[in-house]
Amino acid sequence: MNFDSNKSIQQQIILATIVEIRMTKLFTDKELDVLSTDSLAVPWSNLESMEKLVFADVTSEDEVEKCD
Amino acid sequence: MRLIELEVHNLRGIKHLKVEPNGGNLLIYGPNGSGKSGIVDAIDFLLTGKIARLSGDGTKDITLKEHGAHISAEPKDAWVKATFSINGLKEHIHLERNLKTAGKLKYPEKHAAVLAPILEAAGRGNYVLSRRELLKVITADGATRAQQIQGLLNIPDVETTRKTLQKLESKVKEQWKNAKETVEQSKQAIFASCEGASLEVEVMRSLVNTHRTNIGLQPATTDLDWFTGISVQPNSEKDSYLFAKQVAGNLLKSTTRRDDISSGLNELTSKLLEITNDLAAFRLHKRMQLTQLGQIAVEEDKADSCPLCDMQWDHQELTDYLAKKIKNSASVIKDKESIEALASGLTAALGTIAEGLKQIISEIQVLPELASSQKIITDWLNRLNQAITELKSPIENYPFSFNPGSMNSVLAENGHTALSDINDHLQKLAPNESEAIKSQVFLHKLSTLWQALNMASLRMSKCEKALLRATAISENFLISRDAILNQLFASVNDRFVELYRYLNSDNEGNFTSELRPETAAIILKVDFFGYGMHPPHALHSEGHQDSMGLCLYLALMEKLTEQKIDIVVLDDVVMSVDADHRRLLCELLVKLFQKKQFIITTHDRVWASFLSHQGLIASKNRLSFTGWDVENGPHISNWKDIWSELETSLEDNKVPEAAAKLRRWGEEFFSNCCHNLKAPVVYKSHGSYDFGDFFSPAIGKLNDLLKLATKAATSWDQKDRLPLLEEIKTKYSDSCKQFNIEQAAINPNVHYNKWATHTPAEFRKVVQAYQNLHENFLCKKCSSLLTLTTEGALPLDLRCACSDINWNLKCK
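Bear in mind the structure is a predicted one, so any value in this text is a computation, not a measurement.

## Here's the deal with the overall build of chain A
Okay, step 1: The number of helices and strands found in chain A is 4 helices and 0 strands.
Okay, step 2: Looking at chain A as a whole, 25% of its 68 residues are labelled buried.
Okay, step 3: In chain A, of all internal contacts separated by at least 6 residues, the share reaching a separation of at least 24 is 43%.

Structural data, given as structure tokens:
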């Protein structure tokens with residue numbers, strides 16, 4: 001994990017977090033895409049959006065396999 | 001990004017000003033109140049749309065709109081324009097911002113993508129340092145320093161996200177707890193309506209199949225078929241009464257459960273009494289809770305003080321202390337767990353009764369003749385719910401609001417009487433029905449309850465998954481944050497140590513420091529001459545603190561603006577750094593920050609001259625602010641060197657004033673010459689040196705070095721260099737002779753400034769001698785002082801900052 005001055009610290013932390021939570025296999029690729037800062041689809045500092053995301057049951061067996 | 005040209009109009013103290021540093025370092029020298037910082041404000045405003053000095057502590061009534069423009073100008077007439085060079089772009093970019101539309105920066109649209117990260121970095125103010133901010137970072141407590149540095153790093157966003165994710169985890173956990181409780185209640189409702197006392201699948205399947213057989217249905221082969229075939233909706237009043245009667249009958253029959261509850265309450269009371277009677281144990285329990293709460297608070301806030309008494313602690317020591325205290329209270333934890341397990345069993349048993357009562361109340365509420373009985377069992381239900389609530393935290397809630405030793409209190413003898421009355425009345429309304437009808441009613445009700453349990457279980461499962469996901473995000477965010485910040489801070493700390501050691505190599509060559517983030521604080525501790533790590537303002541002098549602030553800022557700035565902004569604004573930041581350390585600071589800026597463009601303001605002429613002599617500032621990039629007035633703003637002139645200043649004094653017939661200036665300049669100039677040429681100065685234990693101590697060693701050393709340069713050129717057979725060297729030596733010799741004549745003449749007066757005996761014309765000759773001599777020590781091209789480089793004690797070369805002068809001193 002190298003410090004990248006071209007990205008804000010917030011961005012770097014979020015990207016590193018995504019790498020970590022990908023390994024938990026609790027999220028689908030689609031959800032991880034949504035969580036990535038580049039798309040900014042889910043503002044990490046918005047409680048409602050994050051709540052909606054953790055409750056969204058889009059994890060299907062196929063997608064879990066895809067995570068593997 | 002480097003500043004090529006800056007034009008300021010009607011902003012703050014500046015009426016109109018245009019400077020063209022052309023990407024080079026820029027020096028603005030002038031006395032306090034001459035408007036120097038107006039240039040810093042202008043750059044700040046242009047890049048951020050704000051002026052940092054107009055915000056923060058003590059600026060409550062100051063606004064950019066009202067106080068940003070020059071005193072006599074309207075906001076629409078106040079603007080800043082600048083041209084910048086950008087790394088990787090051939091063409092320069094022109095930026096412009098008007099005070100009236102302060103939020104809007106004008107720039108070529110095609111460069112928006114290139115400018116975005118630069119402006120984002122500029123918005124954090126990483127590139128400006130004033131002494132106002134310098135000490136804040138150093139002397140602040142951990143939390144305040146965290147805010148300062150977080151501001152620089154733009155970490156407030158990170159902190160907001162951390163809090164959001166923490167809230168998310170708590171909220172989802174709360175929802176999971178509620179869902180879990182609903183599942184428990186659903187199970188208790190089934191318990192209350194079943195004759196069986198277990199929800200094990202085998203037991204339930206057997207019960208269901210018995211009732212299915214009673215109504216002529218095949219036993220269910222799979223768990224999904226339990227309620228298949230119960231198509232008739234038993235919704236008549238009679239059926240409802242029948243079901244209520246069954247539930248009431250179950251409750252009345254369950255004497256075992258009542259006995260269990262009664263003995264359980266007695267056991268619980270006895271355990272709680274043991275604790276409360278043993279004051280020490282009770283205190284330990286109470287303190288245990290406090291300690292655990294304290295541990296959470298300290299952990300969450302990364303506090304470095306006790307949350308109760310505010311006594312200062314090292315955070316880690318406090319955390320370790322609390323953990324040890326909790327660990328040592330293992331027996332207390334064991335007791336607590338035993339009491340909570342007992343209370344939990346009681347809660348489930350009482351919950352089953354409560355759910356049964358709810359079902360009965362729901363069925364009989366349409367029967368006015370049972371109103372009084374209904375009221376009694378409703379009161380009973382309320383008491384049960386209160387008892388259940390209290391039993392969820394038994395130690396905290398003891399003594400209870402109910403009397404656990406009294407059957408009437410929780411198990412309500414009068415409630416049982418009312419229940420019997422209800423049962424009798426329902427018996428009349430729904431006389432003995434066939435087993436088939438009873439089973440039909442039972443299965444229908446059970447299917448409803450079973451469905452509710454499934455729904456609740458599904459919800460709990462969803463909450464469980466959501467909690468796992470929320471926890472994963474929250475925990476991994478913290479892990480990632482710590483990893484990235486630790487890496488960043490370790491790197492900044494290393495650079496900070498390197499820079500500080502450079503500035504203080506004389507006595508703090510082994511300096512170390514510790515800079516690390518903690519949840520809500522940033523810890524900075526520095527070594528004090530090998531006597532341990534301490535807060536930076538605990539033992540170090542103000543000058544050292546200034547040095548630390550500057551070094552920490554430079555280390556942070558370098559890391560955060562890399563490849564974005566090369567501009568570094570130092571707004572009067574060396575006030576309390578002594579002369580020797582300023583020299584090193586200058587060297588440090590020249591040697592270690594070659595890629596940066598420094599914009600330096602100072603009111604100190606010696607420092608200003610020194611920056612020029614060391615080659616940091618080209619002579620064309622020096623601005624002199626000589627004064628300021630409301631009408632015209634700063635009085636700006638091209639750099640007024642010492643000779644012009646002396647002439648001004650002499651024209652005003654102020655010989656003593658000119659003499660004092662010359663003496664001060666001479667001391668500084670020749671001490672710098674001695675430093676750069678490594679000329680030996682006679683040591684004085686009192687450390688007080690003056691002009692006389694420096695000029696002679698400096699003159700002698702340059703003479704020796706020029707001779708050595710001639711000798712080296714001869715040894716290498718560089719005949720083409722010899723004529724120029726001879727010319728320089730001759731000129732130098734003449735200058736020295738003239739200087740010695742004047743110096744001899746004025747020597748008695750040097751230390752006392754008795755210049756009044758000289759006329760301006762006489763003193764001009766002295767000045768001329770000084771000027772002629774000093775020119776021999778400088779490069780004409782870059783104005784920097786000649787410097788001797790060595791390899792160990794061996795002279796290598798004599799050169800200037802731009803290398804236009806570069807005399808080899810090493811013989812063949």
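On we go from here.
## Considerations on the overall build of chain B
Okay, step 1: Looking only at helices and strands, one finds 26 helices and 17 strands in chain B.
Okay, step 2: Taking contacts inside chain B between residues at least 6 apart in sequence as the whole, the part at least 24 apart equals 68%.

## A closer look at the confidence of the model for chain A
Residue and element names in this part refer to chain A.
Okay, step 1: Of the residues in chain A, 63% reach a pLDDT of 70 or more, and the chain-wide mean stands at 73.
Okay, step 2: Mean pLDDT per element in chain A: helix α4 (residues 61-67) is the minimum at 40, and helix α3 (residues 47-55) is the maximum at 89.
Okay, step 3: The low-confidence segment residues 58-68, where pLDDT is below 50, has 14 contacts with residues more than four positions distant or belonging to other chains.

## With respect to helix α21 (residues 605-613) of chain B
Okay, step 1: With 7 of 9 residues buried, α21(B) lies mostly within the body of the structure.
Okay, step 2: Positive phi shows up at B:Gly615, right after α21(B), with a value of about 85 degrees.

## Side note on the sheet that holds strand β16 (residues 794-799) of chain B
Through backbone hydrogen bonds, the strands of a sheet pair up, either in parallel or in antiparallel fashion.
Residue and element names in this part refer to chain B.
Okay, step 1: Pairing within the open sheet is antiparallel, and its 3 strands lie in the order β15-β16-β17. Sheet topology places β15 (787-791) and β17 (806-808) at the edges, where each strand pairs with a single neighbour. For this sheet, the mean inter-axis angle between neighbouring strands, taken without regard to orientation, is 30 degrees.
Okay, step 2: Across the sheet, helix α24 (residues 691-715) touches β15, β16 and β17, and the angle it forms with β17 is around 65 degrees.

## Brief notes about helix α26 (residues 760-775) of chain B
All names here are of chain B.
Okay, step 1: Its 16 residues give α26 an end-to-end C-alpha distance of 22 Å, which sits within 8% of 22 Å, the value for a rise of 1.5 Å per residue.
Okay, step 2: All of the buried residues in α26 are Phe763, Val766, Val767, Ala769, Tyr770, Leu773 and His774. Projection of α26 onto a plane perpendicular to its axis shows the buried side chains occupying an angular sector of 155 degrees, all on one side.

## Observations regarding unusual backbone geometry
Generally, phi is negative for residues other than glycine and the peptide bonds are trans, each holding for most cases.
Residue and element names in this part refer to chain B.
Okay, step 1: In this chain, Tyr398 is followed by Pro399 through a cis amide linkage whose omega measures -5 degrees.
Okay, step 2: If you trace the backbone, Pro399 turns up in the loop between α14 (394-397) and α15 (407-410).
Okay, step 3: Although it is not a glycine, Arg12 adopts a positive phi angle of roughly 50 degrees.
Okay, step 4: By the element assignment, Arg12 lies in the loop between β1 (2-11) and β2 (14-19).
Okay, step 5: Even without being glycine, Asp717 reaches a positive phi, approximately 60 degrees.

## A closer look at the pairing of β16(B)
All names here are of chain B.
Okay, step 1: In the sheet, β15 pairs with β16 via 5 bridges, with the strands oriented antiparallel. In the strand pairing of β16, Glu791 is matched with Leu794.
Okay, step 2: Between β15 and β16, which follow one another and run antiparallel, lie 2 residues, and Gly792 among them has a positive phi close to 65 degrees.
Okay, step 3: Once β16 ends, the chain turns through 6 residues before running back antiparallel as β17, passing Ser803 with a positive phi of about 70 degrees.

## Some words on the sheet that holds β2(B)
Residue and element names in this part refer to chain B.
Okay, step 1: Taken in spatial order, the 5 strands line up as β2-β1-β4-β5-β6 in an open sheet, and their pairing is antiparallel. On the outer flanks of this sheet lie β2 and β6 (105-106), each paired with one strand and no other.
Okay, step 2: As defined by bridge partners, β1 adjoins β2 across 5 bridges and the pair is classed as antiparallel. For Glu7, the partnering residue across the bridge sits in β2 and is Lys18.
Okay, step 3: Across the face of the sheet, helix α1 (residues 37-48) comes into contact with β1, β2, β4 (79-85) and β5 (93-98) while running at roughly 105 degrees to β1.

## Brief notes about the confidence of the model for chain B
Okay, step 1: Chain-level pLDDT for chain B is 82 on average; 87% of the residues reach the 70-or-more range.
Okay, step 2: The ipTM assigned to the predicted complex is 0.85, against a pTM of 0.59.

## Things to note about the interface of chain A and chain B
Okay, step 1: Each partner contributes residues to the interface: chain A has 24 residues there, and chain B has 36 residues.
Okay, step 2: Elements supplying a minimum of two residues to the side of chain A that touches chain B: α1 (9-24) and α3 of chain A.
Okay, step 3: At 9 residues, the largest contribution of residues to the side of chain A that touches chain B is made by α1(A).
Okay, step 4: Split by residue class, the side of chain A that touches chain B holds 13 nonpolar, 8 polar and 3 charged.

## Quick look at the packing of helix α23 (residues 655-677) of chain B against α24(B)
Residues and elements named next belong to chain B.
Okay, step 1: Between α23 and α24, the shortest axis-to-axis distance is 8 Å and the interhelical angle comes to 40 degrees. The angle between the axes of α23 and α24 places the two elements in the oblique class. Seen along the crossing, α23 lies across α24 with a hand that is left-handed. Here Arg663, Gly666, Glu667, Phe670, Ser671, Cys673, Cys674 and Leu677 of α23 come into contact with α24, specifically with Phe691, Phe694, Phe695, Pro697, Ala698, Lys701, Leu702 and Leu705.
Okay, step 2: Taken together, the residues of the contact of α23 with α24 sort by class into 11 nonpolar, 2 polar and 3 charged.

## Focus on the nonpolar core
Residue and element names in this part refer to chain B.
Okay, step 1: Within the largest apolar cluster, 200 residues are counted, with the highest numbers of intra-cluster contacts made by Ala42, Leu350, Cys551 and Ala698.
Okay, step 2: No other element matches helix α17 (residues 435-503), which puts 25 residues into this core.
Okay, step 3: Excluding its chain neighbours within four sequence positions, the residues that come into contact with Ala42 are Leu6, Val8, Leu11, Ile14 and Val80.

## Quick word on the environment of B:Gln316
Okay, step 1: Within the secondary structure layout, B:Gln316 lies in helix α11 (residues 315-328).
Okay, step 2: For the pair B:Gln316 and B:Val298, spaced 18 residues apart in the sequence, the C-alpha separation amounts to 9.8 Å.

## Concerning the pairing of strand β11 (residues 567-571) of chain B
Residues and elements named next belong to chain B.
Okay, step 1: Most of β11 sits out of view: 5 of its 5 residues are buried.
Okay, step 2: Judged by which residues are buried, β11 turns out to be covered on both faces: Ile567, Val569 and Asp571 on one side and Val568 and Leu570 on the other are all buried.
Okay, step 3: Sheet topology note: the β11/strand β12 (residues 597-602) ladder contains 5 bridges and is parallel. Bridge pairing in β12 links Val568 to Phe598.

## Remarks on the packing of helix α13 (residues 371-391) of chain B against helix α16 (residues 413-429) of chain B
Residues and elements named next belong to chain B.
Okay, step 1: At a minimum axis separation of 9 Å, α13 and α16 run at an interaxial angle of 140 degrees. With respect to each other, α13 and α16 are oriented oblique. In this structure, the crossing between α13 and α16 has a hand that is left-handed. From α13, Ser373, Ile376, Ile377 and Trp380 reach across to α16, where they touch Asn414, Gly415, Ala418, Leu419, Asp421 and Ile422.
Okay, step 2: Here the contact of α13 with α16 is built from residues that sort into 6 nonpolar, 3 polar and 1 charged.

## Quick word on the environment of B:His94
Residue and element names in this part refer to chain B.
Okay, step 1: Note on placement: His94 falls in strand β5.
Okay, step 2: C-beta crowding within 10 Å serves as the criterion here: with 15 such atoms nearby, His94 is assigned to the partly exposed category.
Okay, step 3: Taking C-alpha positions, His94 is 8.3 Å from Lys106, a pair spaced 12 residues apart along the chain.

Thresholds, definitions, all that
Residues numbered from 1 in each chain as written. Chains lettered and ligands numbered in written order. Predicted model: local features only at pLDDT ≥ 70, side-chain atom pairs only at ≥ 80, totals over all residues. Helix = DSSP H or I, 4+ residues; strand = E, 2+ residues; numbered from the N terminus. Buried ≥ 20, exposed ≤ 12 C-beta atoms within 10 Å, placed from the backbone. Contact = placed C-beta atoms within 7 Å. pLDDT = per-residue confidence, 0-100. Pairing = 2+ DSSP bridges. Axes fitted to C-alpha atoms, helices over the stretch in contact; angles between N-to-C directions. Expected span 1.5 Å × (residues − 1). Arc of directions from axis to C-beta. Nonpolar A, V, L, I, M, F, W, Y, C, P; charged D, E, K, R; others polar. Parallel < 35°, antiparallel > 145°, perpendicular 65-115°, else oblique. Left-handed = near helix turned anticlockwise from the far one by under 90°. Core = buried A, V, L, I, M, F, W, Y, C linked by C-beta atoms within 7 Å.

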